[in-house]
Amino acid sequence: MRIGELAAAVGVTPRAVRHYHHLGLLPEPDRRANGYRDYTLRHAVVLARIRRLTELGLGLAEVRDVLVDDAGRELVEVLAELDEDLARQEEEIRERRGRLRVLMEDARAGRLPTEGPVSPELASLFGKFGPTPHSPMAAKDREVFALLETTATPEARAELLASLESMMSAPGAVERVHEAYALLDALADAEPDDPRVAEAARVLAGLVPPEMVPQDTGIDLDDGRDSGDSGGNGTATGSFLRAFYADFAPAQAEAIRRTLRILREDRP
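Because the structure is predicted, anything quoted here is derived from the model rather than measured.

Cut-offs used in this document
- Residues numbered from 1 in each chain as written.
- Predicted model: local features only at pLDDT ≥ 70, side-chain atom pairs only at ≥ 80, totals over all residues.
- Heavy atoms only, no water.
- pLDDT = per-residue confidence, 0-100.
- Helix = DSSP H or I, 4+ residues; strand = E, 2+ residues; numbered from the N terminus.
- Contact = heavy atoms within 4.5 Å.
- Patch = residues over 30% accessible without salt bridge, like charges linked within 9 Å, V, L, I, M, F, W, Y side chains within 5 Å.
- Areas by Shrake-Rupley, 256 points an atom, 1.4 Å probe, with all protein chains shown as cover.
- Salt bridge = Lys/Arg side-chain N within 4 Å of Asp/Glu carboxyl O.
- Lys, Arg positive; Asp, Glu negative; His and termini not counted.
- Charge placed at Lys NZ, Arg CZ, Asp CG, Glu CD.
- Buried < 20%, exposed > 50% of the residue type's maximum accessible area, 1.4 Å probe, protein only.
- Polar contact = N/O pair within 3.5 Å; in protein donor to acceptor, adjacent residues only side chain to side chain.
- Core = buried A, V, L, I, M, F, W, Y, C linked by side-chain atoms within 4.5 Å.

Q: Give me the lowdown on the confidence of the model for the protein, citing residues and values where you can.
A: The predicted model of the protein has a mean per-residue pLDDT of 82, with 79% of residues at 70 or higher. Taken element by element, the predicted model of the protein shows its lowest mean pLDDT in helix α11 (residues 236-246) (76) and its highest in helix α2 (residues 14-23) (95). Predicted confidence for residues 225-234 stays below pLDDT 50, and this span has 15 contacts to residues more than four positions away or in other chains.

Next up, the structure:
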């Protein structure tokens with residue numbers, strides 16, 4: 001058989017056959033006098049086995065291990081591992097579909113946050129913030145929380161949600177949150193030395209638990225620059241902080257800088 005005939009007989013592409021040759025999965029056949037490969041039934045049997053194993057979900061490195069052991073002992077072990085992996089995937093899919101059902105129900109009821117799908121825990125916390133109509137700062141705040149939840153490690157995500165839950169459970173927290181949003185919204189067109197900056201920082205610092213602010217990591221809170229980096233490059237934390245400040249109006253960014261300094265100074 002020619003390579004095209006072999007590929008068609010097994011239901012793969014000639015390119016796949018060449019790839020399997022390159023990886024050492026499929027033995028190279030003898031060549032005819034004209035230089036063309038001459039495939040035998042044995043090649044078709046091996047190629048069909050490769051196809052079946054890959055369709056089960058095995059990677060090509062695992063397929064190689066299976067093919068090396070003609071007695072099939074390795075196949076039993078690999079298939080058992082594959083079965084366990086598929087079981088984990090099934091559980092993850094069930095959990096994701098469960099979250100999707102909740103999101104669909106919230107969307108139909110008009111409860112889906114504008115920030116897009118977030119976890120049920122964060123959506124619940126957003127509900128505790130209460131309605132903040134026409135507040136650009138409130139909308140931006142929710143976007144940042146959604147970003148942090150998405151990018152954080154599971155441990156950091158749990159700490160973030162716990163801190164927000166603690167913050168919003170304090171008496172009068174909702175009213176103070178609305179006051180802080182109003183103060184920051186009012187600074188949208190102000191200068192960084194506006195006297196209202198200090199008031200906004202004071203209110204924000206009274207809201208945010210000090211543990212939500214990272215410990216001193218050598219990052220300058222004024223510009224996000226690493227203290228050992230005169231060029232302003234360096235850590236991912238510093239880069240994120242610079243981008244974070246740049247997303248706000250100058251007076252708003254200054255209020256947040258002052259808030260972070262107050263909170264860091266208040267850390268035990």
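Q: Give a description of a negative patch on the surface that names residues and reports values.
A: Taken together, the side chains of E62, D65, E77, E81, D83, E84 and E90 make up a negatively charged region of the molecular surface. Of all elements in the fold, only α4 (60-68) and α5 (73-108) reach the threshold of two or more residues within the negative patch. Looking at which element gives the most residues to the negative patch, the answer is α5, with five residues. Within the element layout of this structure, D65 appears in helix α4. Residue classification places D65 among the partly exposed residues on the basis of a relative accessible area of 40%.

Q: Let's hear about the environment of H21: which residues, and what values?
A: Along the chain, the position of H21 falls in helix α2. Polar side-chain contacts of H21 include one of 2.7 Å to the side chain of Y39.

Q: Now, about the pattern of salt bridges: what can you tell me, with residues and values included?
A: Opposite charge on two side chains makes pairing possible when the charged atoms of those side chains draw close. If you walk through the whole model with that rule in mind, you get twelve salt bridges. A salt bridge links R157 to E149, with the nearest nitrogen and oxygen atoms 3.2 Å apart. The closest approach of N and O atoms between D194 and R196, which form a salt bridge, is 3.0 Å. A relative accessible area of 16% places D194 in the buried class. Overlapping salt bridges, with partners in common, bring together E254, R257, R258 and R261 in one network.

Q: I'd like to hear about the nonpolar core, residue by residue, with values.
A: If you look at the biggest cluster of nonpolar residues, it comprises 33 residues, and the most contacted ones within it are L122, F129, F145, L164, L184 and L187. Those elements giving two or more residues to this core turn out to be α6 (120-128), α7 (136-151), α8 (154-169), α9 (173-186), α10 (196-207), α11 and α12 (250-266). Ignoring anything within four residues of it in the chain, the contact list for L184 reads M137, A200, L204, Q252 and A255. Counting 21 residues, the second largest nonpolar core, distinct from the first, contains V10, Y20, L26 and L47.

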